[in-house]
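Inside the fold
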Amino acid sequence: ADDGSSSGGRVFAPPSVRRLARELGVDLDSVDGSGPSGRVTEGDVRAAAEDDGDGDEPNGPRTVQSNGKSATAKRDEGTSASAAASAESADREQTLAAPATRALAKE
Amino acid sequence: MVVGDIATGTELLVIGAGPGGYVAAIRAAQNGIDTTLVEKDAYGGTCLNYGCIPSKALITGANLAHEAGNAEEMGIHADPVVDMSQLRDWKSGVVDQLTGGVEKLCKANGVNLVEGTARFKDENAVRIAHGGEGQGSETIEFEHCIIATGSRVIQIPGFDFGDEPVWSSRDALEADTVPERLVVVGGGYIGMELSTTFAKLGADVTVVEMLDDILPGYESDVARVVRERAEDLGIDMHFGEGASGWRDEDDGIMVTTETEDGEENEYRADKVLVAVGRSPVTDTMDIESAGLEADDRGFLSVDECRRTDVEHIYAVGDVVEDTPMLAHVASKEGIVAAEHVAGEPVAFDSQAVPAAVFTDPEIGTVGMTEADAEEAGFTPVVGQMPFRASGRALTTNHADGFVRVVADEESGFVLGAQIVGPEASELIAELAFAIEMGATLEDVASTIHTHPTLAEAVMEAAENALGQAIHTLNR
Amino acid sequence: MVVGDIATGTELLVIGAGPGGYVAAIRAAQNGIDTTLVEKDAYGGTCLNYGCIPSKALITGANLAHEAGNAEEMGIHADPVVDMSQLRDWKSGVVDQLTGGVEKLCKANGVNLVEGTARFKDENAVRIAHGGEGQGSETIEFEHCIIATGSRVIQIPGFDFGDEPVWSSRDALEADTVPERLVVVGGGYIGMELSTTFAKLGADVTVVEMLDDILPGYESDVARVVRERAEDLGIDMHFGEGASGWRDEDDGIMVTTETEDGEENEYRADKVLVAVGRSPVTDTMDIESAGLEADDRGFLSVDECRRTDVEHIYAVGDVVEDTPMLAHVASKEGIVAAEHVAGEPVAFDSQAVPAAVFTDPEIGTVGMTEADAEEAGFTPVVGQMPFRASGRALTTNHADGFVRVVADEESGFVLGAQIVGPEASELIAELAFAIEMGATLEDVASTIHTHPTLAEAVMEAAENALGQAIHTLNR
Ligand SMILES: Cc1cc2nc3c(=O)[nH]c(=O)nc-3n(C[C@H](O)[C@H](O)[C@H](O)COP(=O)(O)OP(=O)(O)OC[C@H]3O[C@@H](n4cnc5c(N)ncnc54)[C@H](O)[C@@H]3O)c2cc1C
Ligand SMILES: Cc1cc2nc3c(=O)[nH]c(=O)nc-3n(C[C@H](O)[C@H](O)[C@H](O)COP(=O)(O)OP(=O)(O)OC[C@H]3O[C@@H](n4cnc5c(N)ncnc54)[C@H](O)[C@@H]3O)c2cc1C
């Protein structure tokens, strides 16, 4: 994993992962990325959220009801998902991993 | 018709229906927010009516006519005649189709549309003046507001857009004849796009630019490809000269310029296009009444959710400080603001903003240059692929330019890209996406790219940065 | 000149200098492997000499002439005349430039080049027969070998490519006049690319296809866009008919076809192009001597590193079973094989292989269709964006077609994409990359895409799949 210093202090993570971090109140700067060169994955963010304990306040905006659904509530189902479900999504993450990730796995 | 003042309320009021405002309004409505969109002129704003869309339509026509007329080496013999007023009408048809589409899409998503000019009454209300005499006005109260009033063209001393020979970009896009001689003041992207267009349509074009190259802000090897092509097209470029005025002549006009050390030059012309920039429209709607203040150039400062200093009032698009004045930036900011109003965990956190210039050839850039990367503390590695080594580029007969990828040497993360060449505006998309994804050079290099395509050059530039390009020599 | 048989040795022998072989040879040499490349005909193989490159060059010429001659609505009035032999010469110039480049690149990277035809002597040696009488032969011993001998056109009963009116794709690409009437046997991608080209150049084109639509293998709504445009171009398409033979007539030839229930039809023509497929070249180099056996159609089976059953002999490109017969697949396989020889931890593990068809409009596809995704056990969600709602498409006057993105509903992972429309071949690159990266719909949708570009339609298709497209209605 990358210590961040070589990367100009920037965190490398896909948009969906950045959004998830905001949702779960995870500070991306403090996450150790498990992807190639320290890229932060969805799994890393979820793990960081678990480590922080479940009671964390998301640093995102207030939750409003829209179309009868709450954006934060939608995502909360994801966080409280069973261990089995997250294992499954980790599997998928591996099979659908990026070229550099697959190369890493082979080495 | 309503005369007098009646008050209505809305959860979200969006002021301005350009790519910032209409996109924000649609997205907010999609999120179940009761949304009202006010526009004083035309749906689609500058971009659809007087900017991106009409300029690109004319460029298509100019390119087709010019290419077909200059393809003898390919065995194509043609002498195209362009009927400029027909070309203009076609362009207007495209604009109408799109602006009509915007209106329909707003309605279909449930946005309330109001025509008129908005001015703030206070922090929670605007007064809307409807166009025309005696059309009255109405007050709209809002919980949230998004300011998306865009920008207007900058006028310079000595050139009044009210005068017939003085063109703004908007006038140029409305032209129904091609001037014989056109002087273009300003070698920025709008100036160069229009210079190229009119040169291809047959005008004798002279560009006058204060700085020492066209396309300030772009690296010199990128600008050079466009400058050399402009020279081939017969465009006469003068650097280090500022336009000082113009006067009528027997035959057309005379445009005068001045160098820094006071030397004067004169250029004969029929029209003079002034394209020196745009400034934000924040001075015509009493923002002070809402407790807002613009900076000295008129921009509004915002936080990462696009909130102004007044928390429930957002600003997006050309009025926003620090982000580039581009349509796709306006739209992204509009989406962020709208989703934030709806309570989504969003931020304007894009790692890189792509930009395109539709000159000949096109330019597409995103993220950091090599110099930027160094400045940001990276040790950059750079890979390049010239289009003259691309099979697809040669088969399209457009092989000038190159793809350059900038990455962090140690981690391999892609940090930026500069493309100048055919379809550069499209090709930059993959690299913008790569940067957003936190992708490495290896990710780009080992993805199969279809043969024969220009996109292969993107892959090869990444391979070149890794020292393993196939179709160009590695350093 | 060497006459007689001398033996030399090489670490890696690559047979065939097409996009599979020359790319493998260059990459192996880059990795420090002593590499020899044998080619019997022309550097660049089918692709550069008789396939991808010349066909795309002619398409460029045909498109330009046709578009310029049909742009009255844009105010462009032209009556282009195409000098076919000049167009052909220009095309040949492009080919020469690229094949010359391949030769130079091989040399610059240190590949030993040998001209001649290779046949296996045993598992570790080939004999090279040099072209021409009395040129002798040589034996080359190798540690590793990569077979990249490509494919040849399939001939059908009743049509002998030796006969002057019977064209293979290669003959069509060498034509120096446009036949007045052309019958094309086979509505696959090569048949349709050439039908479109010749129709635009002025031929009366008739396509005869055994199956019930053009472009078998593509979804019907994708094929339909191309079929309808082909109809507009005056191409006459007949389905469910197989070509049975031809005969000379007073004026040209008569091509006869037969339907499944024995009905016969006749089409007058000047030339008949047979484009029914290609078969691997594995029957002319004594592969048995190396202990190899091809399947009944002539293909070689390989493992994920492209090794055949004989461990130190690899096969790449059109000779390989199961992967599509495409140039970029050949190149990727060549890279994998070369790097494997060099001891790198590689595999042909691409998640999806993009493919393009350069018809009017173009097609670009990658990965799974909705049906594929269902079959693979995903619950697919699909998003679509029609080009007629794209500002950029309208300004280019090419607004037929759409972008479709297929994803897994639960995870959002992008699984596939189908694009038919302008620059589809280029636009597919971003989605191929997205699939390789394991990106989600949200990743694509929230990446800023430059305005106005066709690539925005990719973003909007992803947004549509998420139920939040701006410029098209969501389901
Ligand atoms: C010639 C030209 C070419 C361009 N080409 C490109 C290009 O290729 N790509 C690109 O990304 N950008 C391009 N741009 C820039 C692009 O047009 C702007 O960045 C974009 O339009 C900004 O969007 P916006 O929504 O912020 O503002 P605008 O599009 O300017 O829209 C603002 C809207 O607000 C309305 N309005 C203002 N005040 C009020 C009020 N008080 N009440 C009600 N309504 C009000 C205006 O009438 C207007 O419709 C070009 C610009 C020009 C001039
Ligand atoms: C008209 C047409 C258009 C096409 N368009 C496209 C397209 O747009 N995109 C795309 O991806 N694909 C396209 N293809 C397919 C593409 O050309 C092939 O997939 C590609 O060339 C395969 O590469 P290869 O290296 O496997 O074989 P080839 O390119 O066929 O090269 C094999 C080489 O091996 C040589 N050789 C054979 N036997 C021996 C021997 N015993 N000793 C020495 N040398 C030998 C041959 O002379 C030849 O040069 C097209 C094909 C055709 C015919």
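Residues numbered from 1 in each chain as written. Chains lettered and ligands numbered in written order. Predicted model: local features only at pLDDT ≥ 70, side-chain atom pairs only at ≥ 80, totals over all residues. Heavy atoms only, no water.

**A word on the confidence of the model for chain B**
Averaged over chain B, the pLDDT score is 96; the fraction of residues at 70 or greater is 98%. Two summary scores accompany this predicted model of the complex, namely pTM at 0.95 and ipTM at 0.93. (pLDDT = per-residue confidence, 0-100.)

**Details of the sheet that holds strand β17 (residues 271-274) of chain C**
Residues and elements named next belong to chain C. Here five strands make up an open sheet; going across it, the order is β10-β17-β11-β12-β13 and the pairing parallel. If you trace the sheet from one side to the other, it starts and ends with β10 (166-167) and β13 (236-239), each paired once. Sheet topology note: the strand β12 (residues 204-209)/β13 ladder contains four bridges and is parallel. Of the residues in β13, the one forming a bridge with E209 is F239. Set on the sheet, helix α6 (residues 189-200) makes contact with β10, β11 (181-185), β12, β13 and β17; between it and β12 the angle comes to about 165 degrees. (Pairing = 2+ DSSP bridges. Helix = DSSP H or I, 4+ residues; strand = E, 2+ residues; numbered from the N terminus. Contact = heavy atoms within 4.5 Å. Axes fitted to C-alpha atoms, helices over the stretch in contact; angles between N-to-C directions.)

**Focus on the site of ligand 1**
Around ligand 1 there are 41 residues in total, and G20(B), E39(B), T46(B), K56(B) and A327(B) lie nearest to it. Residues close to ligand 1 are split across chains B and C. Measuring from an oxygen atom of ligand 1, one finds a backbone N or O atom of A327(B) at 2.8 Å. Taking 1000 Å² as the accessible area of ligand 1 by itself, protein coverage stands at 98%. Contributing elements (two or more residues each) for the shell around ligand 1: β2 (35-39), α2 (45-50), α3 (52-68), β6 (117-122), α6 (189-200) and α8 (327-341) of chain B. Per-element tally for the shell around ligand 1: the top contributor is α2(B), with four residues. For the shell around ligand 1, the per-class residue count stands at 18 nonpolar, 17 polar and six charged. Both domain 1 (8-51 + 89-153 + 279-341) and domain 2 (166-276) of chain B contribute no fewer than three residues apiece to the shell around ligand 1. (Near = heavy atom within 4 Å. Polar contact = N/O pair within 3.5 Å; in protein donor to acceptor, adjacent residues only side chain to side chain. Areas by Shrake-Rupley, 256 points an atom, 1.4 Å probe, with all protein chains shown as cover. Nonpolar A, V, L, I, M, F, W, Y, C, P; charged D, E, K, R; others polar. Domains from an automatic or database assignment.)

**Focus on the environment of G110(B)**
All names here are of chain B. With respect to the element layout, G110 can be found in the loop between α4 (84-108) and β5 (112-115). Residue classification places G110 among the partly exposed positions, given a relative accessible area of 44%. Counting along the chain gives 36 residues from G110 to I146, while the straight-line C-alpha distance between them is 17 Å. (Buried < 20%, exposed > 50% of the residue type's maximum accessible area, 1.4 Å probe, protein only.)

**Looking at the state of the cysteines**
Residue and element names in this part refer to chain B. With the rule as written, the count across this model stands at two disulfides over all chains. Note that C47 is cross-linked by a disulfide to C52, the S-S spacing being 2.5 Å. Residues C47 and C52 share a disulfide whose torsion about the S-S bond is about -130 degrees; that sign makes it left-handed. In this structure C52 comes out as buried when scored by relative accessible area, which is 16%. Among the cysteines around C106, which has no disulfide bond, C47 carries the closest sulfur, lying 14 Å off. (Disulfide = S-S within 2.5 Å.)

**Here we look at the packing of helix α1 (residues 21-30) of chain C against helix α8 (residues 327-341) of chain C**
All names here are of chain C. Two elements in contact, α1 and α8, have axes separated by 8 Å at closest approach and are oriented at 30 degrees. The interaxial crossing formed by α1 with α8 has right-handed handedness. Along the contact surface, α1 presents V23, A24, R27 and A28, while α8 presents S331, G334, I335, A338 and E339. Per-class residue counts for the contact of α1 with α8 are five nonpolar, two polar and two charged. (Left-handed = near helix turned anticlockwise from the far one by under 90°.)

**Concerning the interface of chain C and chain B**
Accessible area lost on assembly of the parts is the figure often given for the size of an interface. Taken together, the contact between chain C and chain B spans 91 residues of the former and 92 residues of the latter. Both faces considered, chain C and chain B share a buried interface measuring about 7300 Å² in area, 66% of it formed by carbon and sulfur atoms. By the criterion of area lost to chain B, the three top residues of chain C are F433(C), I448(C) and I470(C), representing 11% of everything that side buries. The interface formed by chain C and chain B holds four salt bridges in total. A salt bridge links R27(B) to E463(C); the shortest N-O distance between them is 3.2 Å. (Buried area = accessible area lost by both parts, 1.4 Å probe. Salt bridge = Lys/Arg side-chain N within 4 Å of Asp/Glu carboxyl O.)

**Considering the environment of G383(C)**
Residues and elements named next belong to chain C. The residue G383 is located in strand β22 (residues 380-386) in this model. Given the relative accessible area of 0%, G383 is considered buried. Considered as a pair, G383 and E266 are 117 residues apart in the sequence and their alpha carbons are 44 Å apart. Setting aside residues up to four positions removed in sequence, G383 forms contacts with V403, R404, V405, A461, N464, A465 and R475.

**As for the domain arrangement of chain B**
All names here are of chain B. Taken domain by domain, chain B consists of domain 1 (8-51 + 89-153 + 279-341), domain 2 (166-276) and domain 3 (355-465). Summarising the inter-unit geometry, the C-alpha centres of domain 2 and domain 3 are found 30 Å apart. The interface is formed by 13 residues belonging to domain 2 together with 16 residues belonging to domain 3. Here domain 2 and domain 3 share four salt bridges between them. If you look at where domain 2 meets domain 3, you find five residue pairs in polar contact (both at pLDDT 80 or more). Of all the elements in the fold, those that place two or more residues in the side of domain 2 that touches domain 3 are α6 and α7 (220-232). In terms of residue class, the side of domain 2 that touches domain 3 is made up of seven nonpolar, one polar and five charged.

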